[in-house]
Amino acid sequence: MKHLTFLLLCAAFMGLAFTNPASNAVVVYKVDTGASTLKWTAAKVTGKHFGKVTIKSGTLEMSKTKLVKASFEANMASLTVEDGGGNERLRGHLTSDDFFSTEKHPTATFTSTKITAKDKSGNFTIVGNMTIKGITKSITFDANVKPEGGKVMGTAAIKLDRTDYDIKFRSGKFFPDLGDKLIYDEFELEVSLVAAK
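If you're wondering where the values come from, they're calculated on a predicted model, not measured in any experiment.

*Asks:* Mind showing me how you'd approach the packing of aromatic side chains here?
*Replies:* Tallying each qualifying case throughout the model produces 4 aromatic pairs. Between the aromatic rings of Phe100 and Phe187, the centroid separation amounts to 6.1 Å while the plane-to-plane angle is 80°, which identifies the pairing as edge-to-face. Taken as a pair, Phe100 in the loop between α2 (87-94) and β5 (107-117) and Phe187 in strand β9 (residues 183-196) lie far apart in primary sequence, 87 residues in all. Take Phe100 and Phe187: they sit in the same class, and that class is buried. Aromatic rings pair up to connect Phe72, Phe110 and Phe141 into one cluster.

*Asks:* Looking at this structure, I do not really get unusual backbone geometry. What am I missing?
*Replies:* Residues other than glycine predominantly adopt negative phi, and peptide bonds predominantly adopt the trans conformation. Despite not being glycine, Lys64 shows a phi value in the positive range, around 60°. Considering the arrangement of structural elements, one finds Lys64 in the loop between β3 (47-63) and β4 (66-75). Look at Lys64 and you get exposed, because its relative accessible area is 54%. Of note in this structure, Asp166 is not a glycine but carries a positive phi near 60°.

*Asks:* Explain the pairing of β3 here, please?
*Replies:* Residues in a regular strand point their side chains to alternate faces of the sheet. Of the strand pairs in this sheet, strand β1 (residues 27-31) and β3 are connected by 4 bridges, and their pairing is antiparallel. In the sheet register, Lys30 faces β3, and the bridge partner there is Thr59. Note that strand β2 (residues 37-44) and β3 share 7 bridges and pair antiparallel. Pairing of Lys39 across the sheet is with Lys52, part of β3. In this antiparallel pair of consecutive strands, β2 and β3, the connection spans 2 residues. Once β3 ends, the chain turns through 2 residues before running back antiparallel as β4, passing Lys64 with a positive phi of about 60°.

*Asks:* Is there a simple way to think about the environment of Lys104 in this case?
*Replies:* Along the chain, Lys104 turns up in the loop between α2 and β5. In this structure the C-alpha to C-alpha distance between Lys104 and Ala77, which are 27 residues apart in sequence, comes to 10.0 Å. At 3.3 Å, the side chain of Lys104 forms a polar contact with the side chain of Asp97.

What counts as what
- Residues numbered from 1 in each chain as written.
- Predicted model: local features only at pLDDT ≥ 70, side-chain atom pairs only at ≥ 80, totals over all residues.
- Heavy atoms only, no water.
- Phe/Tyr/Trp six-rings, centres within 6.5 Å; stacked < 30°, edge-to-face > 60°.
- Helix = DSSP H or I, 4+ residues; strand = E, 2+ residues; numbered from the N terminus.
- Buried < 20%, exposed > 50% of the residue type's maximum accessible area, 1.4 Å probe, protein only.
- Pairing = 2+ DSSP bridges.
- Polar contact = N/O pair within 3.5 Å; in protein donor to acceptor, adjacent residues only side chain to side chain.

Next up, the structure:
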């Protein structure tokens, strides 16, 4: 009996010894900036505006199908407005010190600090640091990230409060009685990342 137990222990040890540790290794996928998009939408009492910002760089780190870390950097100077007339004038205002102050703060960044899997279908809750205008705030949002055709595809809708980043222009929190000139504090980023090794 002791001999049998010894053999079983040896077999278990050998099995562990030859288990491939690389199977759970973290693989870094670099964001394809040409194939990835970052769309923004902001609303006011009388309507809304939307456009895009170019993604400058980013990574998605995966262990098999599990997202381990995510980050991206956006080129704020590339901001566009795509909802109609007067776009260039509005773009100039959004890149000014009233809003994103892109000459002083040309990039915005996000880096995850905690990622929790919600299911086995690639849905995750992501906590991380968003930096805009040099101000960093912790944010939480849901994302879908999964391998597909040798690449990793990630999508997320991120809602932010602009006043957290010292963007107060026509905010009801700071300027009462704005009427139909009020601009809502919350805006949304629609992130779509395509990453490859």
